[in-house]
Amino acid sequence: MGTASSLVSPAGGVGEVIEDTYGGGGEACEIPVEVKPKARLLRGSLRRVGASRPGGLIGASFKSTASVQELECVAEYERLKKEYEIFRVSKNNEVASMVKKEAKLDRENKRLRAELQALQKTYQKILREKESALEAKYQAMERAATFEHDRDKVKRQFKIFRETKENEIQDLLRAKRELEAKLQRLQAQGIQVFDPEESDSDDNCTDVTAAGAQSEYWNGGALGSEPSMGSMMQLQQSFRGPEFAHSSIDVEGPFANINRDDWDAAVASLLQVTPLFSHSLWSNTVRCFIISTDETQPEVDIFVTNYSPKLQRLCETMGYFFQVVHFSAENERPLKDVRKWEIEKSSLVILLLHLTLPSCLLEDYEEAFLRNPEEKPRLIYHRKENGRVSSVSVQQLIEQISYMNKAKIIDHIGGVEEGAYEIYNCVEKIIKQDILGYEMAELEGKDLGNKEESTTPEEVFGDVLWDAHDEQEQMEAFQQASNSTCELGFEKYFERLNDLVAAPAPIPPLLVSGGPGSGKSLLLSKWIQLQQKHSPNTLILYHFVGRPMSTSSESALIIKRLTLKLMQHSWLVSPLTLDPAKLLEEFPRWLEKLSARHQGSIIIIIDSIDQIQQAEKHMKWLIDPLPVNVRVIVSVNVETCPQAWRLWPTLHLDPLNSKDVKSLISAECNSANVKLTKEQEKKLERHCRSATTCNALYVTLLGKTIACVGNTGNIDETLQQCFQCQDTVSLYRLVLRSIQESLQNDKEKSLLREILCVIGVSHNGVSESELMDLYPELSSAVLASLVHSLHKMCLLTYGCGLLKFQHLQAWEMVRLEYMEEGENVISAYRQKLVEYFTMQLSRDRVTWRSADELPWLFQQQGDKQKLHKCLLNLFVSQNLYKRGHFAELLSYWQLVGKDKSSMAAEYFDSLKEYEKSCEGEESMICLADLYETLGRFLKDLGLLSQAVAPLQRSLEIRETALDPDHPRVAQSLHQLAGVYVQWKKFGNAEQLYKQALEISENAYGGEHPQVARELDALATLYQKQNKYEQAEQLRKKSFKIRQKAARQKGSLCGFALLRQRALQLEELTLGKDTPDNARTLNELGVLYYLQNNLDLYRCYQL
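(A) Examining the side chain of Glu-592 more closely. Structurally, the position occupied by Glu-592 is in helix 17 (residues 580-595). Overall, the relative accessible area of 18% leaves Glu-592 in the buried class. Residues contacting Glu-592, with those up to four places away along its chain left out, are Arg-156, Lys-159 and Pro-627.

(B) Fine view of the packing of aromatic side chains. By the definition in use, this model includes 23 aromatic pairs. For the pair Tyr-881 and Phe-937, a centre-to-centre distance of 5.6 Å together with 70° between the ring planes defines the contact as edge-to-face. Here Tyr-881 is found in helix 31 (residues 874-882), whereas its partner Phe-937 is found in helix 34 (residues 921-941), with 56 residues between them in sequence. You can call Phe-937 buried: its relative accessible area is 3%. Measuring from ring centre to ring centre gives 6.2 Å for Tyr-907 and Phe-937, while their planes differ by 80°; the resulting arrangement is edge-to-face. Of this pair, Tyr-907 sits in helix 33 (residues 900-916) while Phe-937 sits in helix 34, and the two are 30 residues apart along the sequence. No difference in accessibility class separates Tyr-907 from Phe-937, as the two residues are buried. Every member of this aromatic cluster is reached through a ring pair, and the members are Tyr-881, Phe-886, Trp-893, Tyr-907 and Phe-937. Positioned above the aromatic ring of Tyr-424 is the side chain of Lys-310, whose terminal nitrogen or guanidinium carbon lies 5.9 Å from the ring centre. Lys-345 extends its terminal NZ or CZ atom over the ring of Trp-341, reaching a point 3.6 Å from the ring centre.

(C) Quick peek at the environment of Lys-520. Relative to the elements of secondary structure, Lys-520 occurs in helix 15 (residues 520-534). For the pair Lys-520 and Asn-637, spaced 117 residues apart in sequence, the C-alpha to C-alpha distance is 9.1 Å. Among all residues touching Lys-520, those that are not within four sequence positions of it are Val-512, Ser-513, Gly-514, Gly-515, Asp-607, Ser-635, Val-636, Asn-637 and Leu-653.

(D) Broad picture of the sheet that holds strand 12 (residues 650-652). Reading across from one edge, 9-10-11-8-12 is the order of the 5 strands in this open sheet, with parallel pairing throughout. At either margin of the open sheet sits one strand with a lone partner, and together these are strand 9 (539-544) and strand 12. Taking the axes of each pair of neighbouring strands and ignoring which way they run, one obtains an average angle of 15° across the sheet. The pairing of strand 8 (residues 510-514) with strand 11 (residues 630-637) spans 5 bridges and is parallel.

(E) Inspection of the pairing of strand 3 (residues 285-292) at higher detail. For strand 3, a buried count of 8 out of 8 residues is recorded, marking the element as mostly surrounded by other parts of the structure. By the alternation rule, side chains of strand 3 split into Thr-285, Arg-287, Phe-289 and Ile-291 and Val-286, Cys-288, Ile-290 and Ser-292, which are all buried. Pairing analysis gives 6 bridges linking strand 3 to strand 4 (residues 321-326), with the strands arranged parallel. Counterpart to Thr-285 in the pairing with strand 4 is Phe-321.

(F) Quick look at a positive patch on the surface. Among the surface-exposed residues, Lys-678, Lys-682, Arg-686 and Arg-689 lie close enough to one another that they form a single positively charged patch. Its place among the elements puts Arg-686 in helix 20 (residues 678-687). With relative accessibility at 46%, the residue Arg-686 sits in the partly exposed group.

(G) The pattern of salt bridges, seen in detail. For the structure shown, the criterion picks out 39 salt bridges. The salt bridge involving Arg-287 is made with Glu-768; its shortest N-O contact spans 2.5 Å. Placement of the pair is Arg-287 in strand 3 and Glu-768 in helix 25 (residues 768-774), with a sequence separation of 481 residues. On the basis of relative accessibility, which here comes to 1%, the residue Arg-287 falls in the buried class. Its relative accessible area of 5% is what places Glu-768 among the buried residues. Where Glu-471 meets Arg-561, a salt bridge forms, and the shortest distance between an N and an O atom there is 2.9 Å. Of this pair, Glu-471 sits in helix 13 (residues 468-482) while Arg-561 sits in helix 16 (residues 555-569), and the two are 90 residues apart along the sequence. Residue Glu-471 shares its accessibility class with Arg-561, and that shared class is buried. Overlapping salt bridges bring together Arg-287, Glu-342, Lys-345 and Glu-768 as one network.

(H) Examining the nonpolar core more closely. In terms of nonpolar packing, the biggest core is built from 137 residues, with Ile-665, Leu-702, Ile-706, Leu-756 and Phe-937 touching the most fellow members. In terms of residue count, the dominant contributor to this core is helix 34 (10 residues). Residues in contact with Leu-702, not counting those within four places in the same chain, are Ile-665, Leu-684, Cys-688, Cys-722 and Leu-731. If you look at the next biggest cluster of nonpolar residues, it comprises 33 residues, including Leu-511, Ile-559, Leu-591 and Val-634.

Reading guide: rules and limits
Residue positions are given per chain, counted from 1 along the sequence in the order it is written. Owing to the predicted nature of the model, reporting of local features is limited to residues with pLDDT of at least 70; listing and counting of side-chain atom pairs is limited to 80 or more, with chain, interface and lining totals taken over all residues. Working from all heavy atoms in the structure, the side-chain values ignore hydrogens and water. Under the scheme used here, helices are H or I runs from DSSP no shorter than 4 residues and strands are E runs no shorter than 2 residues, and both carry numbers assigned from the N terminus. A simple rule labels every residue: compare its accessible area, found with a 1.4 Å probe on the protein chains alone, to the largest value its type can have, and call it buried under 20%, exposed over 50%, or partly exposed in between. Pairs of residues are marked as contacts when any of their non-hydrogen atoms sit within 4.5 Å. Ring pairs shown here join Phe, Tyr and Trp side chains whose ring centres sit within 6.5 Å, with only the six-membered ring taken for Trp; geometry is labelled stacked below 30 degrees between planes, edge-to-face above 60, and tilted in between. Any Lys NZ or Arg CZ that is within 6 Å of a ring centre and within 35 degrees of that ring's normal is treated as a charge sitting over the ring. Paired strands, as defined in this entry, are two strands with at least two bridges between them according to DSSP. A fitted line through C-alpha atoms serves as each axis, taken over the contacting stretch for helices, and the angle formed by two N-to-C directions is quoted from 0 to 180°. Patches here: salt-bridge-free residues with over 30% relative accessible area, like charges joined within 9 Å, nonpolar side chains (Val, Leu, Ile, Met, Phe, Trp, Tyr) joined within 5 Å. The protein chains shown are the only cover counted for residues, whose accessible areas, like all others here, come from Shrake-Rupley with a 1.4 Å probe. We define a salt bridge as a contact between a side-chain nitrogen of Lys or Arg and a carboxyl oxygen of Asp or Glu at a distance within 4 Å. Think of it this way: Lys and Arg go in the positive column, Asp and Glu in the negative one, and His and the chain ends go nowhere. In this description, the location of a charge corresponds to atom NZ of lysine, CZ of arginine, CG of aspartate or CD of glutamate. Buried Ala, Val, Leu, Ile, Met, Phe, Trp, Tyr and Cys residues form a nonpolar core when they are joined through side-chain atoms within 4.5 Å.

Here's what the structure looks like:
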């Protein structure tokens, strides 16, 4: 309600004016009304009420206000009631609808739940069916693998049976032809042969009615039938040399009618499968022996300090060691034998002269320059001074050498530093050209110090990864075993081995057993020499296993090496799997395939096979039937021979008898001019009667110990000490202590211990240069003296430039003598090697030595973190892979706990990080090589999809950094195409191969071996697509290229090998006019003729 002042409101005030609707009289009054939201509704109601009363509201008072409000409230109530009723009805309808929807959704939910349960049951059923199907699949795969193995085994057995029967048929046919020829000769001589029907005898005889007519007895039947196609093809094959290895063209000319057996013998005598190594190298080491006077000592010091490390780095990049040996003039020790031994081993001898020549150097000069049967390089440095004349002896020496033309002479006038630099230049040239055998064109065309441009194994063997160090180690092991002059009564064993070769197939491997040091290696090496001499058409593949856990005892490397040797002999270079499991599985097939191509027997000899890691598991192929022309001989220790192998035919080496013991000791004593009394000989005979004291190694070591004492010591006292040693290990300990007593001071004794312990804890041994780096206080003269003593007493030997223990008993003795304290001592020496090779890696000196030793040392230490970091060093992994150590690399990753996919991802990430730091063309080229190596590695692992990316990246880098037409680009295209071939994407592979072929032809010309390689790859691709005509055309073209290249320059498997082998045979002859020499010359003439070298052929034609 309002106040009194609000009754008369001004304009714009708040209020309502009610007009008089009942007539003209009356006065309008203003009723104050509160403004509410429903004001309009009230006004409307009042108007309706006023309209219903005649005369309106005349003279309304304030009391009517309450009635009006009640009316308004009643009207509002009615309206709201109606609206509420409408709202209630609508909401009830909505609730009813929602209830219906809820019921419908409940029914749908129940239905879906039922369907879900049904689907879950179906899923469980399908899952069980899938698991059962997978299990059935795996069982089927196992059955298929077993069936495949059994099928191959049956096929080999059937082939052996077929070839055996065909050989019998051929023998019978040959006997038939001989009898027919005999009958013809009898007929020609007029001797009457009666018909069986006219004879009174019941014996069958042959009737010849006309000259040359065959009797009816031989007509028809099995003997008269033609031999099988397989035997005819095998009989028609004949080995024609390298140029005709894959050719169907017959030999024409003066050798057209040569007998096949004579031809095979002539060629095989020149083709004993051995790589060529320079005769100037002693065990993979370029040894430089320096003879100097006091006057030229400054040049020696400068050369050793400043230039020797450069030459060492040069040789390291090419896979060789470099060692400088220098005995100072003031050294008064009696080192005559040591100096002579070092001169014999040296690759290069340098004599430095000034004005005088001391008489003490004359003997070394004569040994090095005048007694040089192998014509090794020699160098004389003569420093002259103006106004001063050299002594007469110096002048006579230089004149004598100049006249005989046996050395290169440097006449230097100037300072000492310039002289040392001149010596360095000359030595570098001699190493590259004379010792390592690089041609001048190669020296001018590339820098041998750059490993990226050096010759890679792929250039010689295609895509086959070959480790020349392992091969040289095997050659040296064979030579060291066969150089002994003792036969030890091996004649009876030789007969048994010969019977094995002559026995009819099939025949299981022969087991040569004996105790440690019984002479098994010596027997096998001597027999190999006899076979090579008397049976030149027999291919002998041997492997000598060294210390356990060394590289030579890894089964995958052994099988790979034997396979490559077979392929090399058969002039076949084919892609070879590097997966260890597949390699061991495929070896019997390779052996069967390649043995069928060889005209003659194949003998595989594995010495100390029981030292191979998991030999019984990895040598299962020995149990399967071998091809007809293959014989296998293995040697084992009696104590460690696997039980399954004891059923094989066994040749057991008996202990030495008293006669052999006496001859062996007498030979050692005679070499040192030592004579034993009768009483001493009887004592030795009584002592060497037990099984441990009458084996070959013990007796040899005993004889060397007596000979070392010589006439200067008390032999009886030495014998008493030796008689207390009842086995080889204890005798080795006595020998070591005698060597220690001969040393002058404690420093040398300590160095001796360090050297033996470091060699003992290493993987494959330690080189002399590495020992001098490990122990800077060790001089070359002291090291040479120690090594000479240890080598002389059969403790140490050389293997591919590394010092290692000659026998397992020597290694066992060092372990007992110096490492009895346990693993702490071994760990300390291993840590020393780890620090040394880690330092080399930090200096970017990743050699084959650091790649061999460092991961293995981390593995022995059990340090997985450092091993993982070492493996991610891309250059270490690249070195291992390129040398074929595939199984070793995989074993390291398995130890770290990484599978193939994660390993590939980590390598790729590491390469990406390394790529960020690469700047310049040289580093980018190196990066491309790393990408290519990773791609090839992944391809060999079977990760084809992951191998494409690194190979593609390598291609992109080479196209950018080099040139799109560079030969390295062709190499990337070749490798990428190889992945697509395995991936069955032949269209992509063909396009890439053609691009690589075009680039190679533009870069090298149309007659280069690289072009032949691309042609062979393209031919193989066409053959996989059944395009045989195109493949045959490319193979013929490739063959012509290889034939011409072999005639022009030989290769590892070509004329250089033939020439080297011929020269070796010539040296073994008794004289120039002997039949053996004539045969050798005739063989060489045959080979020159086949190479179309008619000028040289006429020189050798007899």
